[in-house]
Amino acid sequence: MDISTREMSLTVGEAAERVGLTTYTLRWYEQEGLVGRVGRDSSGRRRYTESDVNWLFLLTRLRRTGMPVRDMRRYAELARHGDNTLGARRALFEAHRARVLARMAELEEDLKVLEHKIDAYRRAEEESG
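The model shown is predicted, which means the values in this text are computed figures rather than measured ones.

This next bit is on the overall build of the protein chain. Scanning the protein chain from terminus to terminus reveals five helices and zero strands. In the protein chain, the succession of helices and strands from N to C terminus is α-α-α-α-α. Against the 2.2 N^0.38 benchmark of 14 Å for 129 residues, the protein chain shows a C-alpha radius of gyration of 21 Å, more extended than a compact globule. Reported as C-alpha extents along the three principal axes, the dimensions of the protein chain are approximately 70 × 35 × 25 Å. In the protein chain, the proportion of contacts linking residues at least 24 apart, taken out of those at least 6 apart, comes to 56%. For the protein chain, the exposed area adds up to about 9000 Å²; of that, 51% sits on carbon and sulfur atoms.

Next comes the structure, spelled out in structure tokens:
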């Protein structure tokens, strides 16, 4: 599929840089079925549209929040099947949100321990110096 020259289009490297991925990771996302068919220019090179870049931004956020690749793949499959999968996509995101919130609570507790230790070391330094 050739993409219109009027539409924004980026090379693999440009798209990867824009979303903060390496080109290797971007190609891996494609191989894993996380990215749908990407348009090609008249020479057959991949060209990423604004819509493709927005999709990649979402994938990077899902990955950064710890979503397993299998869940990302499931989400991509559901999205390709259209609006009749809205409920399943919502449920997938709700389950992931619950995991993220639980992890955030754990990190808050971990941060409290770090703050306690930093304060203890600061006090010890003041008393010894």
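On to the pattern of salt bridges, then. Under the definition given, this model contains eleven salt bridges. Note that K112 is salt-bridged to E109, the shortest N-O span being 3.2 Å. Of this pair, K112 and E109 both sit in helix α5 (residues 86-128), three residues apart, which is roughly one turn of that helix. The exposure class assigned to E109 is partly exposed, which follows from its relative accessible area of 44%. One continuous salt-bridge network, built from bridges that share partners, spans R70, D71 and R99.

Here we come to the packing of helix α1 (residues 12-19) against helix α3 (residues 50-64). In a packed pair of helices, the relevant descriptors are the angle between the two axes and the axis-to-axis distance. Where α1 contacts α3, the two axes come as close as 9 Å, and the packing angle between them is 45°. As the angle between them shows, α1 and α3 are arranged oblique. Remark: the crossing between α1 and α3 carries right-handed chirality. The segment α1 lies against α3, with A15, R18 and V19 engaging E50, V53, L56, F57 and T60.

Criteria and cut-off values
- Residues numbered from 1 in each chain as written.
- Predicted model: local features only at pLDDT ≥ 70, side-chain atom pairs only at ≥ 80, totals over all residues.
- Heavy atoms only, no water.
- Helix = DSSP H or I, 4+ residues; strand = E, 2+ residues; numbered from the N terminus.
- Rg over C-alpha atoms; globule rule 2.2 N^0.38 Å.
- Contact = heavy atoms within 4.5 Å.
- Areas by Shrake-Rupley, 256 points an atom, 1.4 Å probe, with all protein chains shown as cover.
- Salt bridge = Lys/Arg side-chain N within 4 Å of Asp/Glu carboxyl O.
- Buried < 20%, exposed > 50% of the residue type's maximum accessible area, 1.4 Å probe, protein only.
- Axes fitted to C-alpha atoms, helices over the stretch in contact; angles between N-to-C directions.
- Parallel < 35°, antiparallel > 145°, perpendicular 65-115°, else oblique.
- Left-handed = near helix turned anticlockwise from the far one by under 90°.

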